[in-house]
Amino acid sequence: MESYKQEFIEFMVESNVLKFGDFTLKSGRKSPFFMNAGSYVTGTQLKKLGEYYAKAIHDNFGLDFDVLFGPAYKGIPLSVATTMAISDLYGKDIRYCSNRKEVKDHGDTGILLGSPVKDGDRVMIIEDVTTSGKSIEETFPILKAQGNVEIKGLIVSLNRMERGKGTKCALDEIKDLYGFPTAAIVSMEDVVGHLYNRDCGGKVVIDDQIKAAIDAYYEQYGAQA
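None of the values given here were measured: they were computed from a predicted structure.

Rules used in this analysis
Residues numbered from 1 in each chain as written. Predicted model: local features only at pLDDT ≥ 70, side-chain atom pairs only at ≥ 80, totals over all residues. Heavy atoms only, no water. Core = buried A, V, L, I, M, F, W, Y, C linked by side-chain atoms within 4.5 Å. Buried < 20%, exposed > 50% of the residue type's maximum accessible area, 1.4 Å probe, protein only. Contact = heavy atoms within 4.5 Å. Salt bridge = Lys/Arg side-chain N within 4 Å of Asp/Glu carboxyl O. Helix = DSSP H or I, 4+ residues; strand = E, 2+ residues; numbered from the N terminus. Expected span 1.5 Å × (residues − 1). Arc of directions from axis to C-beta. UniProt positions renumbered as here; feature names shortened; annotations may be inferred. Phe/Tyr/Trp six-rings, centres within 6.5 Å; stacked < 30°, edge-to-face > 60°. Lys NZ or Arg CZ within 6 Å of the ring centre and 35° of its normal. Axes fitted to C-alpha atoms, helices over the stretch in contact; angles between N-to-C directions. Left-handed = near helix turned anticlockwise from the far one by under 90°. Nonpolar A, V, L, I, M, F, W, Y, C, P; charged D, E, K, R; others polar.

## Details of the nonpolar core
Counting 46 residues, the largest nonpolar core has Phe-8, Phe-20, Val-191, Leu-195 and Ile-206 as the members making the most contacts within it. Those residues in contact with Phe-8 that sit more than four places away from it in its chain are Tyr-40, Leu-49, Tyr-52, Ser-157, Ile-185 and Val-186. Counting 19 residues, the second-largest nonpolar core is a separate cluster that includes Leu-112, Leu-143, Cys-169 and Leu-171.

## A closer look at the pattern of salt bridges
Pairing is possible between side chains of opposite charge, provided their charged atoms come close. Throughout the structure, instances matching the rule amount to 14 salt bridges. Of the charged contacts, one joins Glu-162 and Arg-29 as a salt bridge, the two residues approaching to 2.7 Å between their closest N and O atoms. One end of the pair, Glu-162, is in the loop between strand E7 (150-159) and helix H5 (170-178); the other, Arg-29, is in the loop between strand E1 (18-24) and strand E2 (30-35), and 133 residues separate them in sequence. Judged by relative accessible area, which is 14%, Arg-29 ranks as buried. Between Lys-168 and Asp-176 there is a salt bridge, and its shortest N-O distance comes to 2.7 Å. Judged by relative accessible area, which is 31%, Lys-168 ranks as partly exposed. A single salt-bridge network, built from bridges that share partners, covers Arg-29, Arg-160 and Glu-162.

## Quick notes on helix H7 (residues 208-221)
Owing to its 3.6 residues per turn, the α-helix brings residues three or four apart onto one side. For H7, spanning 14 residues, the distance from its first C-alpha to its last is 20 Å, which sits close to the expected 20 Å at 1.5 Å a residue. Within the span of H7, buried status applies to Ile-210, Ile-214, Tyr-217 and Tyr-221. Along the axis of H7, the buried positions cluster into a sector of 60°, meaning they face one direction only. Facing away from the buried side of H7 by over 90 degrees, the exposed positions are Gln-209 and Glu-219. On its buried face, H7 sits against E1, E2 and helix H6 (188-195).

## Topic: unusual backbone geometry
Backbone torsion omega between Ala-72 and Tyr-73 reads 5°, so that peptide bond is classified as cis. You can see Tyr-73 is positioned in the loop between strand E3 (67-70) and helix H3 (75-90). Located in the positive-phi region is Asn-16, a residue other than glycine, with phi close to 65°. By the element assignment, Asn-16 lies in the loop between helix H1 (3-14) and E1.

## Brief notes about the UniProt feature "binding site: orotate" (unreviewed entry) in the protein chain
The feature "binding site: orotate" (unreviewed entry), as given by UniProt, occupies Thr-131 and Arg-160 in the numbering adopted here. In this structure, Arg-160 sits in the loop between E7 and H5. The class of Arg-160 is buried, set by a relative accessible area of 6%.

## Considerations on the packing of aromatic side chains
In this structure the tally under the stated criterion is 12 aromatic pairs. For the ring pair Phe-8 and Phe-11, a centre distance of 6.4 Å and an interplane angle of 40° mean the geometry is tilted. With a gap of 3 residues between them, Phe-8 and Phe-11 both fall in helix H1, about one helical turn apart. This pair shows no difference in class: Phe-8 is buried, exactly as Phe-11 is. Between Phe-140 and Tyr-178 the ring centres are 4.7 Å apart and the planes differ by 45°, which places this aromatic pair in the tilted class. Here Phe-140, found in helix H4 (residues 134-144), pairs with Tyr-178, found in helix H5; they are 38 residues apart in sequence, far enough to count as distant. Tyr-178 sits in the partly exposed class, given a relative accessible area of 21%. Members of the aromatic cluster, connected to one another through ring pairs, are Phe-8, Phe-11, Tyr-40 and Tyr-52. The ring of Tyr-196 carries the charged tip of Lys-211 above its face, separated from the ring centre by 5.4 Å.

## Details of the packing of H1 against helix H2 (residues 43-61)
Where H1 contacts H2, the two axes come as close as 11 Å, and the packing angle between them is 145°. Crossing hand, H1 versus H2: left-handed. Of H2, the residues touching H1 (which contributes Tyr-4, Glu-7, Phe-8 and Phe-11) are Gln-45, Lys-48, Leu-49, Tyr-52, Lys-55, Ala-56 and Asp-59. Broken down by class, the residue content of the contact of H1 with H2 amounts to 6 nonpolar, 1 polar and 4 charged.

So, in structure tokens, the structure goes:
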């Protein structure tokens, strides 16, 4: 595993974004791990987060696109931080864009904020995590309504590797349904492989008990390849 991925896994834990224990998800599933990107709250954290996303986008998709689109609300800081990181790391100017939950009818009007999206634009979508694909259901028609745009792909920070609406994980379902590639900075398989019985920030966050709970969770909810 690339060193920046190992660093990112530890960064999620140290930022209190990725937690292990007993959690009830929106879906009602009882999960031994939980990720909340809303816990990235400082300038230092957002700067580093943007750099991890930039490296993952570069490795998985290249930089042959024009706009980085972050769905409201969590996608807004992600798109801003990552376009800045792409500029710093690779010297390429990518425009950022996000949507509003409500259309604004005065001043800076419309449903989008940041850069307009127009005919011929190549767009990369950035999110924190995708479990059901619901945000893409909302995002895809918004982007397509702006003109003849090409969706180059979707990048998320963590692939939870659990079933979405069917038997595949949400990222694979999105790829099959919409026809564009998807990727994550890391997967839960990467996380477990790196953290199991390893010290992280002064403690072991995936011990034998947590590892057994994660294995049991995937026995029940794991996605099929």
